[in-house]
Amino acid sequence: SVLGFTVEERTAAALHRRAPLLGSIAAERLLSEMDRLLCGDVGFGKTEVAIRAAFKAVADNKQVAVLVPTTVLAYQHFQTFKERLKGLPCRVEYLSRARTAAQSKDVLKGLREGEVNILIGTHRILGKDVQFKDLGLLIIDEEQKFGVSVKEKLRQLKVNVDTLTMTATPIP
């Protein structure tokens, strides 16, 4: 496997169906910022697509922000990303109210200095003290669960940044 991990057969099939999305990330970077919506049922491989897109951004020397609606989901994504990217030159961290002040300070310092490649978190990652050295990809999981104020901050953050929004909620 290119990323050094194996994927269940069902997930692998889902990824192959989504391969055009991943291929288009590189092509669209040449033209403009990417802004894609990935909609699929639970268990259909949205997180796997996000991990691969994030790793592609990191390989291009960009940082990645993964915004999720809950502390529990932030920790779950952190564990999944960390496990999938184990052994690769990629530092994955997370910010949420569950982290101590010292842990958050260390993560924020690493983020500013470019040592943190992928930051996963709740709306906490939209705080004024969160400064990316070179943000290249924003992944939003379940954007519809965020309020108006968070969406306003997202609009500011999304300028000149590729965006991948994921949801399991059908959009009419």
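Since the structure is predicted, the reported quantities are computational estimates derived from the model, not experimental observations. (Residues numbered from 1 in each chain as written. Predicted model: local features only at pLDDT ≥ 70, side-chain atom pairs only at ≥ 80, totals over all residues. Heavy atoms only, no water.)

(A) Quick look at the overall build of the protein. In terms of regular secondary structure, the protein is built from five helices and six strands. In sequence order, the protein lays out its α and β elements as α-β-α-β-α-β-α-β-β-α-β. A buried classification covers 45% of the 172 residues belonging to the protein. Across the protein, every contact between residues at least 6 apart in sequence was considered, and the portion connecting residues at least 24 apart equals 74%. (Helix = DSSP H or I, 4+ residues; strand = E, 2+ residues; numbered from the N terminus. Buried < 20%, exposed > 50% of the residue type's maximum accessible area, 1.4 Å probe, protein only. Contact = heavy atoms within 4.5 Å.)

(B) The sheet that holds strand β6 (residues 162-167), seen in detail. Sheet architecture is open: six strands sit in the order β1-β6-β5-β2-β4-β3, paired in parallel fashion. On the outer flanks of this sheet lie β1 (35-39) and β3 (92-95), each paired with one strand and no other. Each neighbouring strand pair of the sheet contributes to a mean axis angle of 20°, computed without reference to strand direction. As paired strands, β1 and β6 are joined by five bridges and run parallel to one another. What sits directly across from R36, in β6, is L164. Across the sheet, helix α2 (residues 46-59) is in contact with β1, β2 (63-67), β4 (118-121), β5 (135-141) and β6; its angle to β6 comes to roughly 165°. (Pairing = 2+ DSSP bridges. Axes fitted to C-alpha atoms, helices over the stretch in contact; angles between N-to-C directions.)

(C) A look at the layout of surface pockets. The space that makes up the largest pocket amounts to roughly 340 Å³. Considering the residues around the largest pocket, the lining is formed by 15 residues, among which V42, G43, K46, T47 and H77 are closest to the centre. Listed by contribution, the elements that provide at least two residues to the lining of the largest pocket are α2 and α3 (71-84). For the lining of the largest pocket, the element with the most residues is α3, which contributes five residues. Residue composition of the lining of the largest pocket, grouped by class: four nonpolar, six polar and five charged. (1 Å grid on protein atoms, 1.4 Å probe; cavity = no way out; pocket = protein on both sides within 12 Å on 5 of 7 lines; lining within 4 Å. Points joined across faces, edges and corners; volume = space filled by probe spheres on them. Nonpolar A, V, L, I, M, F, W, Y, C, P; charged D, E, K, R; others polar.)

(D) Layout of the pattern of salt bridges. On inspection of all chains with the given rule, the structure shows 10 salt bridges. With a shortest N-O distance of 3.2 Å, K62 and D134 are connected by a salt bridge. Of this pair, K62 sits in the loop between α2 and β2 while D134 sits in the loop between β4 and β5; the two residues are 72 residues apart in sequence, bridging distant segments of the chain. Classification of D134 as partly exposed rests on a relative accessible area of 31%. Put simply, R91 and E93 hold a salt bridge, and the shortest N to O gap is 3.1 Å. In this structure, a network of salt bridges that share partners links the residues R91, E93, R99, D106 and E115. (Salt bridge = Lys/Arg side-chain N within 4 Å of Asp/Glu carboxyl O.)

(E) Up close: the packing of aromatic side chains. Considering all chains together, one arrives at three aromatic pairs under this definition. Note on Y75 and F78: the rings are 6.1 Å apart at their centroids and 40° apart in plane angle, and the pair reads as tilted. Separated by three residues within a single helix, Y75 and F78 lie in helix α3, roughly one turn from each other. On the accessibility criterion, F78 (8% relative accessible area) is buried. Relative to Y94, the ring of F78 has its centre 4.8 Å away and its plane inclined at 40°; by these criteria the two rings are tilted. Here the residue F78 occupies a position in helix α3, and Y94 occupies one in strand β3, the gap between them amounting to 16 residues. Following the ring pairs from residue to residue traces out a cluster consisting of Y75, F78 and Y94. (Phe/Tyr/Trp six-rings, centres within 6.5 Å; stacked < 30°, edge-to-face > 60°.)

(F) Structural context of the environment of V107. Mapped onto the elements of the fold, V107 is located in helix α4 (residues 101-112). Spatially, the C-alpha atom of V107 lies 9.4 Å from that of V130, the residues being 23 residues apart in sequence. Setting aside chain neighbours within four positions, we find V107 in contact with E93, Y94, L95, R99, V116 and L119.

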